[in-house]
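Residues per chain, in single letters:
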Amino acid sequence: MELHELTVHELHEKLAGREVSAEELVSSFFSRINSLEPKLRAFLTITEEKALMRARETDKLGKYEGLDGIPFALKDIFCTRGIKTTCASKILENFVPTYDSTAGRRLEEQGGILLGKLNMDEFAMGSSTEHSAFYSTCNPWDLERVPGGSSGGSAAAVSAGETPFALGTDTGGSIRQPASYCGVVGLKPTYGRVSRWGVIAFASSLDQVGVFSKDVRDCAIVMSIIAGKDPLDSTSVELEVPDYSSFLDGNVRGMKIGYPREYFQQGVEESIKTAVMQALKKYEEMGAIIEEVSLPHSEYALPAYYLVAPAEASANLARFDGVRYGLRDFDAENVIDMFSRSRSQGFGNEVKRRIMLGTYALSSGYYDAYYLKALKVRRLIANDFEKVFNDYDLIVSPTAPSPAFKLGEQTGDPLTLYMNDILTVPVNMAGLPGMSIPCGLVNGLPVGMQLIGKAFDEGTLFKAAHAFEQNTDYHKMRPTLGVK
Ligand code: GLN
């Protein structure tokens, strides 16, 4: 097997066994990146020189523990000291942060080597990575299709073997949905589990940092490093971080799994339902107890999300005014004009749409009718989950209603695009952990299964997801990309 096909734990063994040096490893990933990027376009910035320097330092020290010598990449929403961080927006096109995100820093402290920054929808608003102000990323399984979004670059890069793992963010599905479209593992941890310090904010009550990897073990390794309290982020929770690898025992005997009736309706394609039902059968054969459950308020999650998320975005994005960061219009006559011209030029259409929606929903006369109402709906959604979790260990559903769609197919209609998140958004609304793992192929395209857990019970997700991998081969499927 080639290096780019290997997982983090396999690469670690190669390094520790001195079969390959960090420099050789990092160079091999750059050759992969350089040969694929002209057609895939998953990266926005490549940090080859820095990475090779770090790799040489690693080899000089000659110790390969933790992530020593293991390459990774970050969605371009994570601030990186001295490296451009654009959030795929023109307004931040030349923004070079003076500090690192906590999650990224923790990976580097463990020896991980940053390969570069990955494409995304502008400010993480979207489900296809077509809202990037720079270019779209292609799906490695079919270059005419989207990789999903907003962390589409992260999903595509891991799937294509341009990086062994990557970080992304998930506000309404932006890790799980692209993971599903690209056939990789994607975890959105519980709200508060991972620090968001240094991650550009979209909707603060929903955003969460998470992992893309080739298999569940890699995801557990990375989560054990990035999770945990951070004094720089007051929303990160003071709770011990277990060694997530210890949950990988392959045993789901007696585990109670509920599958919500509502998640098999709502426009979900038949082929997707069939793939996930087959996966549930597999769990049954493995000794789990499978039962239908109900989350009755599911249909209100998406409309409520599209009030909460834009409202918070409109407040978070007020800081991009041409004064402190990034783009500024120099032809303006006065300061108000400068704000408005800088923002008009700097933000793309989807971002403007969200700012307008959010500002409207928060305006004084409408607050009770929209934002406050949405918060009440949010409580009902959380209660639904709580009720099910009184009797069940895990909830399983499809991740997205369809496989990856064609580039350009949904760009004309924002509402159609919003529907792709119908099965992931409720999990963010309730602050719960959710994971997508590959569970089938439909017409040559990957299908993802979503596992939803109790708050801070990522361990059960790892346990169940790993057990599925032990009994199936879907995680070994790789796109060919026309190159071997
Ligand atoms: N697609 C959803 C949106 O556009 C979710 C995005 C995300 O999770 N960042 O808001």
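Note: the structure precedes this text.
Residues numbered from 1 in each chain as written. Predicted model: local features only at pLDDT ≥ 70, side-chain atom pairs only at ≥ 80, totals over all residues. Heavy atoms only, no water.

(A) Looking closely at the site of the ligand. With respect to spatial proximity, 15 residues lie near the ligand, and among them G172, S174, Y305, R354 and D421 are the closest. For the ligand, whose free accessible area comes to 290 Å², the fraction covered by protein is 100%. Grouping the amino acids of the shell around the ligand by side-chain chemistry returns 5 nonpolar, 7 polar and 3 charged. (Near = heavy atom within 4 Å. Areas by Shrake-Rupley, 256 points an atom, 1.4 Å probe, with all protein chains shown as cover. Nonpolar A, V, L, I, M, F, W, Y, C, P; charged D, E, K, R; others polar.)

(B) Summary view of the pattern of salt bridges. Scanning the entire structure with this criterion turns up 19 salt bridges. Among the salt bridges present, the one from K117 reaches D76, with a minimum N-O distance of 2.8 Å. With K117 in strand β3 (residues 113-118) and D76 in the loop between β2 (71-75) and α4 (102-109), the pair connects residues that are 41 residues apart, well separated along the chain. Residue K117 shares its accessibility class with D76, and that shared class is buried. Measuring nitrogen to oxygen at the nearest pair gives 2.7 Å for the salt bridge that ties E350 to R354. Remark: R354 and E350 occur in helix α11 (residues 349-362); sequence separation between them is 4 residues, near one turn of the helix. Here E350 falls in the buried class, since its relative accessible area comes to 5%. Note on R354: relative accessible area 1%, which makes it buried. Among the charged side chains, a salt-bridge network with shared partners connects D329, D337 and R341. (Salt bridge = Lys/Arg side-chain N within 4 Å of Asp/Glu carboxyl O. Helix = DSSP H or I, 4+ residues; strand = E, 2+ residues; numbered from the N terminus. Buried < 20%, exposed > 50% of the residue type's maximum accessible area, 1.4 Å probe, protein only.)

(C) Representation of helix α7 (residues 216-226) in the model. Taking burial as the measure, the 11 residues of α7 include 8 buried ones, the bulk of the element. All buried positions along α7 are accounted for by V216, D218, C219, A220, V222, M223, I225 and I226. G228, located one to two residues past α7, shows a positive phi value of around 120°.

(D) Expanded view of helix α2 (residues 22-40). The terminal C-alpha atoms of α2, which comprises 19 residues, lie 25 Å apart, in line with the 27 Å expected from a rise of 1.5 Å per residue. The largest bend in α2 comes to about 30°, at N34, with the proline P38 one to four residues further on. Within α2 the residues assigned to the buried category are A22, L25, V26, F29, F30, R32, I33, L36, E37 and L40. Buried-residue contacts for α2 involve α1 (8-16), β1 (43-46), α3 (48-61), β2, β3 and α5 (152-159). The first or second residue beyond α2 is R41, which carries a positive phi of 55°. (Expected span 1.5 Å × (residues − 1). Bend = angle between axes of the 7 residues up to and from the residue. Contact = heavy atoms within 4.5 Å.)

(E) Seen up close, the pairing of strand β10 (residues 434-442). Counting buried positions along β10 gives 8 out of 9 residues, so the element sits mostly inside the fold. As paired elements, strand β5 (residues 185-188) and β10 share 3 bridges and run antiparallel to each other. Each residue of the ladder has a partner; that of K188, found in β10, is G434. Bridge analysis of β10 against strand β11 (residues 445-452) gives 8 bridges, and the strand direction is antiparallel. Its bridge partner being in β11, S436 is matched across the sheet by Q450. (Pairing = 2+ DSSP bridges.)

(F) The sheet that holds β2, seen in detail. Strand order in the open sheet made by the 11 strands is β1-β3-β2-β4-β6-β5-β10-β11-β9-β7-β8, with mixed pairing throughout. This sheet does not close on itself; its edge strands, each paired only once, are β1 and β8 (289-293). Averaged over all pairs of adjacent strands, the angle between strand axes in this sheet comes to 30°, irrespective of strand direction. Both strand β7 (residues 256-260) and strand β9 (residues 394-398) contribute to a ladder of 2 bridges, which runs parallel. In the sheet register, G258 faces β9, and the bridge partner there is I395. (Axes fitted to C-alpha atoms, helices over the stretch in contact; angles between N-to-C directions.)

(G) Summary view of the packing of aromatic side chains. Per the counting criterion, the structure on display carries 18 aromatic pairs. Between Y259 and F264, the aromatic rings sit 5.7 Å apart at their centres with planes inclined by 80°, giving edge-to-face as the arrangement. By relative accessible area, Y259 is classed as buried at 16%. Between Y367 and Y371, the ring centres sit 5.5 Å apart and the planes meet at 45°, which makes this aromatic pair tilted. (Phe/Tyr/Trp six-rings, centres within 6.5 Å; stacked < 30°, edge-to-face > 60°.)

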